Amino acid sequence: MKRRQILAALCASAFACSAALPLAAQAKDDTVKVGLILSMTGPFASTGKQLEQGARLYMAQHGDTVAGKKIELVVKDDTGAPDHSRRVAQELVVQDQVDVLGGFVLTPLALSAAKVATQSKTPTLVMVAATSSVIDASPYFIRSSFTLPQVTIGVAEWAPANGIKSVATLVSDYGPGIDAEKAFIERFEQKGGNVVEAIRVPMQNPDFAPFLQRVKDIKPDAVFVFLPAGVGTQFMKQFSDRGLAGAGVKLLATGDVIEDDILNGMGDVALDVVSSHHYSAAHPSGLNKEFVQAFKEAYNGKRPNYMAVAAYDGMNILYNALKATGGNTGDELLEAMKGQKFESPRGPIQIDAKTRDIVQDVYIRRVQRLDDGELYSVEFDVMKEVHDPAQRG
């Protein structure tokens, strides 16, 4: 079935918007529309803005024309609600006639749009949504971000090798948190450690204090933490207020807890936190230094975080694919996205041609105050070419 017929069927069955398709069909053949579904309002708005800024920075640096096609971004707010994300995806495909979808701050938002991507045969760049299984939700999904198991195993291996024998885990109670919890426990115990308790906290409006008191009472060597983007500052304040560091409980984390754009505002409580993740603004490559400087100049001195890098690299994947197809979209574009390898500001990455998932280096980092007086996650070790351990690689 041709894509326009599929869109008409989607329109008729899902929207009763029979007038939309003829209007959309008037789109010029020389334009490739990219629909970004982002959380621009609500608790995850800072994440959505980083994604949009990363995408727009790439276009500013590389132009808005590829293989003779004009690239047009169409940004829509999903408000962090899965039902709204699905409706927005439908509107973008049917009314706006986008050729590519992208974005998705949270796993439920990506999952809600998966059926739309599949039915409309629209290549879709998953720029966050870090649950392992997300990539299997649609054969049209390509991941430009990371998975929680992929970035968790680094700190899970580092901890027992560095004298940390007992750990409590504390994660947000949804897909990525459960993935992180499972990956940490499995790898940490495989390496000889002991997880004394696994704690899950509500994702919406969490109060960490009672959970942190439980950890303090248990007295493990460390607590491993995963939280969704945007709430790290609140967590770190409560970690400090509850006196866990003074009680000898070290903090281990994924990079979500100490995001680059909010880390410097956390203060000394963040010093010496050890984490594993795929991107730090302090990554020492020349390409990353240029990226960070360009981002700061474009966005009033703000640091990019791993969200901005995922969108930046997502646009690189799209541009490379359009060059390979001579500007053709649809299934041909999807195939051209698979198997790509290039140097990112985060380091070398590739898209596994079989799984459509990302393969990348994962870094072990420690928060330090550098010569400019600011806090950064400074890399001191690396795991090379890490596949998602929960996927076929």
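Right above here is the structure, for reference.
Please read these numbers as outputs of a predicted model, since none were measured by experiment.

Q: Residue-level account of the overall build of the protein, with values.
A: The number of helices and strands found in the protein is 13 helices and 15 strands. Taken against the 2.2 N^0.38 rule, which gives 21 Å for 393 residues, the C-alpha radius of gyration of the protein at 21 Å falls within 12% of a compact globule. Its C-alpha atoms put the protein at 65 × 40 × 35 Å along the principal axes. In the protein, once contacts between residues fewer than 6 apart in sequence are set aside, the share between residues at least 24 apart is 68%.

Q: If you had to explain helix 8 (residues 209-218) to someone new, which residues and values would you point to?
A: A209, F211, L212 and V215 are the residues of helix 8 that are buried. On an axial view of helix 8, the arc spanned by its buried residues comes to 160°, and they lie on one face. Structurally, helix 8 contributes buried residues whose contacts are with strand 7 (166-172), strand 8 (194-201), strand 9 (222-226) and helix 9 (232-241). K219 lies just past helix 8 and shows a positive phi near 60°.

Q: Explain unusual backbone geometry to me, using residue names and the numbers behind them.
A: Although it is not a glycine, Q97 adopts a positive phi angle of roughly 55°. On the secondary structure map, Q97 appears in the loop between helix 4 (82-94) and strand 4 (100-103). Of note in this structure, N300 is not a glycine but carries a positive phi near 55°. According to the relative accessible area criterion, N300 is exposed, its value standing at 81%.

Q: Summarise the packing of helix 12 (residues 306-325) against helix 13 (residues 330-337); cite the residues concerned and give the values.
A: At a minimum axis separation of 8 Å, helix 12 and helix 13 run at an interaxial angle of 120°. Considering the angle they form, helix 12 stands oblique to helix 13. Here the hand of the crossing between helix 12 and helix 13 comes out right-handed. Where helix 12 abuts helix 13, its residues I317, L318, A321, L322, A324 and T325 lie against E332, L333, A336 and M337. Along the lines of polarity and charge, the residues of the contact of helix 12 with helix 13 split into eight nonpolar, one polar and one charged.

Q: Which residues make up the packing of helix 3 (residues 45-62) against helix 11 (residues 286-298), and what are the values?
A: Pairs of packed helices are described in terms of their axes, by the angle between the two and the distance that separates them. Here helix 3 crosses helix 11 at 105°, and the two axes come no closer than 11 Å. As judged from the angle between their axes, helix 3 and helix 11 are roughly perpendicular. Contact residues: Q50, Q53, G54, L57 and Q61 in helix 3; F291, A294, F295 and A298 in helix 11. Of the residues in the contact of helix 3 with helix 11, the class split is five nonpolar, four polar and no charged.

Q: Any chance you could break down the side chain of R303 for me, citing the residues and the numbers?
A: Looking at where R303 falls in the secondary structure, it is placed in the loop between helix 11 and helix 12. The exposure class assigned to R303 is buried, which follows from its relative accessible area of 6%. Side chain to side chain, R303 and E374 meet in a polar contact 3.0 Å long. Not counting residues up to four positions away in its chain, the partners in contact with R303 are Q50, D260, D261, L263, N264, A281, F295, K296, E374, L375 and Y376.

Q: Please set out helix 7 (residues 175-190) residue by residue, giving values where relevant.
A: Given a rise of 1.5 Å per residue, 16 residues ought to cover 22 Å, and the 22 Å separating the end C-alpha atoms of helix 7 matches this to within 8%. Among the structural elements, helix 5 (107-120), helix 6 (148-161), strand 7, strand 8, strand 9 and strand 10 (250-254) are those in contact with the buried residues of helix 7. Residue G192 follows helix 7 closely and has a positive phi angle near 100°.

Q: So what's going on with the pairing of strand 4? Residues and values would help.
A: A two-sided burial pattern is seen for strand 4, the buried positions comprising V100 and G102 on one face and L101 and G103 on the other. Here strand 4 pairs with strand 5 (residues 124-126) via three bridges, running parallel. Across the sheet, the residue bridging to L101 is T124, located in strand 5. As a crossover connection, the stretch from strand 4 through helix 5 into strand 5 is right-handed.

Q: So what's going on with the sheet that holds strand 2 (residues 65-66)? Residues and values would help.
A: Read across the open sheet, the six strands follow the order 2-3-1-4-5-6; overall the sheet is mixed. On the outer flanks of this sheet lie strand 2 and strand 6 (141-143), each paired with one strand and no other. In this sheet, strand 3 (residues 69-77) lies alongside strand 2 in antiparallel orientation, the contact comprising two bridges. Looking at the pairing, T65 lines up with K70 of strand 3.

Q: Tell me about the pairing of strand 3, and name the residues and values.
A: Look at any regular strand and the pattern is simple: side chains alternate between the two faces of the sheet. Bridge analysis of strand 1 (residues 31-38) against strand 3 gives eight bridges, and the strand direction is parallel. Across the sheet, the residue bridging to V32 is I71, located in strand 3. Between strand 2 and strand 3, which follow one another and run antiparallel, lie two residues, and A67 among them has a positive phi close to 50°.

Q: Kindly report on the environment of V382, identifying the contributing residues and their values.
A: Structurally, the position occupied by V382 is in strand 15 (residues 375-386). Ignoring anything within four residues of it in the chain, the contact list for V382 reads D361, V362 and Y363.

Parameters and conventions
- Residues numbered from 1 in each chain as written.
- Predicted model: local features only at pLDDT ≥ 70, side-chain atom pairs only at ≥ 80, totals over all residues.
- Heavy atoms only, no water.
- Helix = DSSP H or I, 4+ residues; strand = E, 2+ residues; numbered from the N terminus.
- Rg over C-alpha atoms; globule rule 2.2 N^0.38 Å.
- Contact = heavy atoms within 4.5 Å.
- Buried < 20%, exposed > 50% of the residue type's maximum accessible area, 1.4 Å probe, protein only.
- Arc of directions from axis to C-beta.
- Axes fitted to C-alpha atoms, helices over the stretch in contact; angles between N-to-C directions.
- Parallel < 35°, antiparallel > 145°, perpendicular 65-115°, else oblique.
- Left-handed = near helix turned anticlockwise from the far one by under 90°.
- Nonpolar A, V, L, I, M, F, W, Y, C, P; charged D, E, K, R; others polar.
- Polar contact = N/O pair within 3.5 Å; in protein donor to acceptor, adjacent residues only side chain to side chain.
- Expected span 1.5 Å × (residues − 1).
- Pairing = 2+ DSSP bridges.
- Right-handed = clockwise from strand over helix to strand, strands pointing away.

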